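Observations on the model geometry
In case you want the letters, here they are:
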Amino acid sequence: MARINKIGVLTSGGDAPGMNAAIRAVTRTAIYNNIEVIGIKEGYRGMIEKLFIPLWSHDVSDIIQRGGTILKTARCMEFKTAEGRQIAYNHLKEIGLNGVIVIGGDGTFTGARIFNEEFDIPLIGIPGTIDNDLYGTDYTIGYDTALNTVVQAVDKIRDTASAHNRMFFVEVMGAEAGFIALRSGIAAGAEAIIIPEVTDEVEKLKQMLKSGRRQRASNIVIVAEGDEGGGAYKLANDIKEHYPNYDIRITVLGHVQRGGSPSAFDRVTASRLGYAAVEALMDDQKSTMVGIQNNEIVLVPFRKAIKLHKNVNRSLLEIADVLAG
Ligand code: ATP
């Protein structure tokens, strides 16, 4: 295989704090190894529309602390078609790229896997999503920052909830997964955590309210957006109907969870993964995600990262239940 001497980097799917730190790590690691770097803007759309910009060391100065992504991100339907991917390949060939690092979630890796089955430019993935729902890595970039954002917000809600003896249903992001809800719920001392992976928690909450247990100045229930019950509004309305004595309010945290300066943990994770992704390309890897397991860097084939399901740690749910008192 020819030596890797020019690579691309892009961010795709939902943005996550720490993506910039990963772009910086990729760029600087590549330059250190005498590899030229091209930033591809707006995810896969940038491949199709030739949104290419050279990245030099100074282009990634002063971004490690910034949320969002300097390369922008987008969802690109054209890349889902064979014609779209052919155009993308032609453009990458035209500018002489011999590797691309894609930062995103499972959709991004699905596209990358298909592309690597069709074409000879190797693609390496870096897990970047606040949802932490990718198999093969303990943490995805952005998850820790999102958790901290949720905890800070819930602490504030707790103050006003206590002042009025209210019960708050706080809806958090997480797509179809309860990772953000579970950890933020523990960290914020929530009285109940409702996640899609566990079905009996709503029933437990109702039992708790019925028995009058946990009569507190405030009650916080964290609800994952993807919960089957239909999120915080539906659940809160159901509870209101059955337990009219509770003074209930609902807060949907929404996109505030995606923004903000990345935590130290996310910056370090992004830096390690960015460095590892360039090394993987230099080691002739392709169709592979770099991840972190037990604090070690690992390589996980896209095939597994996409197909296999990451389970929530049920012992955390048990701890949450016990500690809620
Ligand atoms: P997040 O987890 O934050 O949503 P994601 O990477 O899963 O991030 P998606 O919108 O699912 O986000 O996917 C990002 C992009 O990947 C899509 O817009 C599309 O360009 C490409 N993609 C997704 N699925 C496929 C597919 N089956 N074939 C080709 N490309 C795909």
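Residues numbered from 1 in each chain as written. Predicted model: local features only at pLDDT ≥ 70, side-chain atom pairs only at ≥ 80, totals over all residues. Heavy atoms only, no water.

Describing the sheet that holds strand β9 (residues 248–252)
- Overall, parallel pairing links the four strands, which are arranged β7-β8-β6-β9 in an open sheet. Each edge of the sheet is formed by a strand with only one pairing partner; in this case those strands are β7 (192–194) and β9. Taking each pair of neighbouring strands and ignoring which way they run, the sheet shows an average axis angle of 20 degrees.
- Both strand β6 (residues 167–172) and β9 contribute to a ladder of five bridges, which runs parallel. When the bridges of β9 are listed, M167 appears paired with I248. (Pairing = 2+ DSSP bridges. Helix = DSSP H or I, 4+ residues; strand = E, 2+ residues; numbered from the N terminus. Axes fitted to C-alpha atoms, helices over the stretch in contact; angles between N-to-C directions.)

Brief notes about the pairing of strand β1 (residues 6–11)
- Burial analysis of β1 places six of its six residues in the buried class, which makes it a mostly covered element.
- Going residue by residue along β1, you find K6, G8 and L10 tucked away on one face and I7, V9 and T11 tucked away on the opposite face as well.
- Handedness of the β1-helix α1 (residues 19–32)-strand β2 (residues 36–40) crossover: right-handed.
- Pairing analysis gives four bridges linking β1 to strand β4 (residues 100–104), with the strands arranged parallel. In the sheet register, L10 faces β4, and the bridge partner there is V102. (Buried < 20%, exposed > 50% of the residue type's maximum accessible area, 1.4 Å probe, protein only. Right-handed = clockwise from strand over helix to strand, strands pointing away.)

Re the packing of helix α3 (residues 82–94) against helix α4 (residues 106–118)
- The contact between α3 and α4 brings their axes to 11 Å, and the two run at 70 degrees. Here α3 lies roughly perpendicular to α4, going by the angle between them. In this structure, α3 uses R85, A88, Y89 and L92 to contact α4, whose residues at the interface are I114, F115 and E118.
- Class assignment for the residues of the contact of α3 with α4 results in five nonpolar, no polar and two charged. (Parallel < 35°, antiparallel > 145°, perpendicular 65-115°, else oblique. Contact = heavy atoms within 4.5 Å. Nonpolar A, V, L, I, M, F, W, Y, C, P; charged D, E, K, R; others polar.)

A few points about the nonpolar core
- Counting 61 residues, the largest nonpolar core has I7, I101, I126, V170 and I180 as its most contacted members.
- When residues of this core are assigned to their parent elements, the largest contribution, eight residues, is made by helix α5 (residues 143–164).
- When residues no more than four places from it in sequence are discounted, the contact partners of I180 are I130, D131, Y143, A146, L147, V150, V172, M173, G174, G185 and Q257.
- If you look at the next biggest cluster of nonpolar residues, it comprises 27 residues, including M47, V100, V102 and F119. (Core = buried A, V, L, I, M, F, W, Y, C linked by side-chain atoms within 4.5 Å.)

Remarks on the pattern of salt bridges
- Throughout the structure, instances matching the rule amount to 13 salt bridges.
- As a salt-bridge pair, R158 and E191 come within 3.0 Å of each other at their nearest N and O atoms. You can see R158 sitting in helix α5 and its partner E191 sitting in the loop between α6 (179–187) and β7, a full 33 residues away along the chain.
- Classification of R158 by relative accessible area gives buried; the value is 17%.
- For K204, the salt bridge is made with E201, and the minimal N-O distance between the two is 2.9 Å. With K204 and E201 both in helix α7 (residues 201–211) and three residues apart, this pair spans about one turn of that helix. (Salt bridge = Lys/Arg side-chain N within 4 Å of Asp/Glu carboxyl O.)

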